[in-house]
Amino acid sequence: MSVRKLTARIFGSLVLLCGMASAQAQEHVPVADPLQFDPDFRWFEPIYDMDLADMKPKKRANTGWFATYDRLNLYGSRPELENNSQGLESGMDSGWGHRYEIGFMLPDADKGWLFSWVDNDVGEFFSVRKERGNRFNTDELGGTATNPAPPFGFEAIPGISNNRGFNYRFVDEKRSENVIDFDSYELSKTWRLEPYHYGGILEPMVGFRWFRIEDTNVRQNFISSNDPDQIADGVAGRPNLVTTYGAASELMTTDQAFTENEAITGQIGFRYFKFFDRFTFATDFKVFSGANFQSSFNNRHTEAVVYSGTDTIAEGDTVTRILYEETDRDYTRNEEFFLGFDVRGELGYQLSRAVTVRAGFQLIDVARGLWRGGDLDNSVLRGGDNDQDYLMVGGTFGITLNR
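Residues numbered from 1 in each chain as written. Predicted model: local features only at pLDDT ≥ 70, side-chain atom pairs only at ≥ 80, totals over all residues. Heavy atoms only, no water.

1. A few points about unusual backbone geometry
Here comes step 1: With a phi angle near 60°, D110 is a residue other than glycine that sits in the positive phi range.
Here comes step 2: Of note, D110 is situated in the loop between β2 (92–105) and β3 (111–131).
Here comes step 3: Taking the relative accessible area as the measure of exposure, D110 reaches 15% and is therefore buried. (Helix = DSSP H or I, 4+ residues; strand = E, 2+ residues; numbered from the N terminus. Buried < 20%, exposed > 50% of the residue type's maximum accessible area, 1.4 Å probe, protein only.)

Written as structure tokens, this is what we have:
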């Protein structure tokens, strides 16, 4: 065979193959219009009892992307402090927070991922209101501006004006009883098992959880040179205001300790739920354990207000100066073993094909490894132990979205 004929046959075969591939592609891969996009946003499409009765439990469970939101009202236990002579750690105080969940469940493989964030804050103070020595700012009381200047005048200097919303001046002397900011972030791998005989479904999960728990311990004390004890030798442990600042002065002392817990834990648990008509009964149980990296600092802040009078403070006296002082921060760190569990139960009601409202309860118990109150060696505040527990329990109310 000549080279000319061989070359012609090779080119002919290539042309024939390309033509067959082109025809096959046109037959099985039609051209799609990228603008033809019809998302389904019918979140409140009605659903009927007959639809739910004919739907298998596994078809009713969340598939694809789903999200939940819950408003939390969890009561938190009080810290165990060294200087707590009244035994207040036996009480619990109301806290409010949120829970967000985003998950994805493969419809065919019956496995997926779940991310959850829980936030709950408790802020309980014991407060005593004490009036300032001059009681009010006369310029503001008369409706005129302090330090008037065109065109509108200046407001009173912050710290000497009347309290916002009131016609007089005062301070709230506070002592913290239970102040804590709780945040929990978790990521879990989930598996969906086959439904039981009566329709219940179990979903085991394994993952990790990161806690950030910040505790605040505050003690304030307000004294005035109008106090007879100050005119004499001063209150024990505090400066004599008459000697230090003059016969017309006030002093607010704030001792504070801020403690932060960063816990990284492993987590294992399960979720069980069952459908009955429009209702869904669900319960979660998780156990977590790991390391808690703790840090704390404490210091003292003082605010001295000096008035123009040469004797005791009288109503309407002007403020000549305000002196702020703050000591250096004293830092301490520690590590502890962290252990606890999380359990909750819920009852949901199906409103539409995509929306379910739900209510329930939640209990989170940090059984050990939490630091609250600050350093025990702080001679002023006398904080708490590094290995305390913390219990939160209360109600939840929220909504679930899933298409």
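From this point on, the discussion continues.
2. Some remarks on the pairing of strand β5 (residues 201–224)
Side-chain positions along a regular strand alternate between the two faces of the sheet.
Here comes step 1: Among the 24 residues that make up β5, 17 are buried, leaving the element largely enclosed by the rest of the structure.
Here comes step 2: Direction of pairing for strand β4 (residues 170–191) relative to β5: antiparallel, over a ladder of 12 bridges. Bridge pairing in β5 places K189 opposite V206.
Here comes step 3: Two elements, β5 and strand β6 (residues 249–276), share 24 bridges in a ladder whose sense is antiparallel. Among the inter-strand pairings, N221 is bridged to a residue of β6, identified as T253. (Pairing = 2+ DSSP bridges.)

3. Quick notes on the nonpolar core
Here comes step 1: Ranked by size, the top nonpolar core spans 16 residues in total, and within it F182, F211, I213, F338, L370, Y390 and M392 carry the most contacts.
Here comes step 2: Of all the secondary-structure elements, those providing two or more residues to this core are β1 (64–77), β3, β4, β5, β10 (355–370) and β11 (388–402).
Here comes step 3: Element by element, the count of residues in this core is highest for β10, at 3 residues. (Core = buried A, V, L, I, M, F, W, Y, C linked by side-chain atoms within 4.5 Å.)

4. Looking at the environment of N386
Here comes step 1: Here N386 is to be found in the loop between β10 and β11.
Here comes step 2: If we skip the residues at most four places from it in the chain, N386 touches Q294, N334, E336, G369, L370 and W371. (Contact = heavy atoms within 4.5 Å.)

5. Looking at the confidence of the model for the protein chain
Here comes step 1: Confidence in the prediction for the protein chain averages 83 pLDDT; 78% of positions are at 70 or higher.
Here comes step 2: Low pLDDT, under 50, characterises residues 25–38; the stretch is placed with 0 contacts to residues that sit more than four places away or in other chains. (pLDDT = per-residue confidence, 0-100.)

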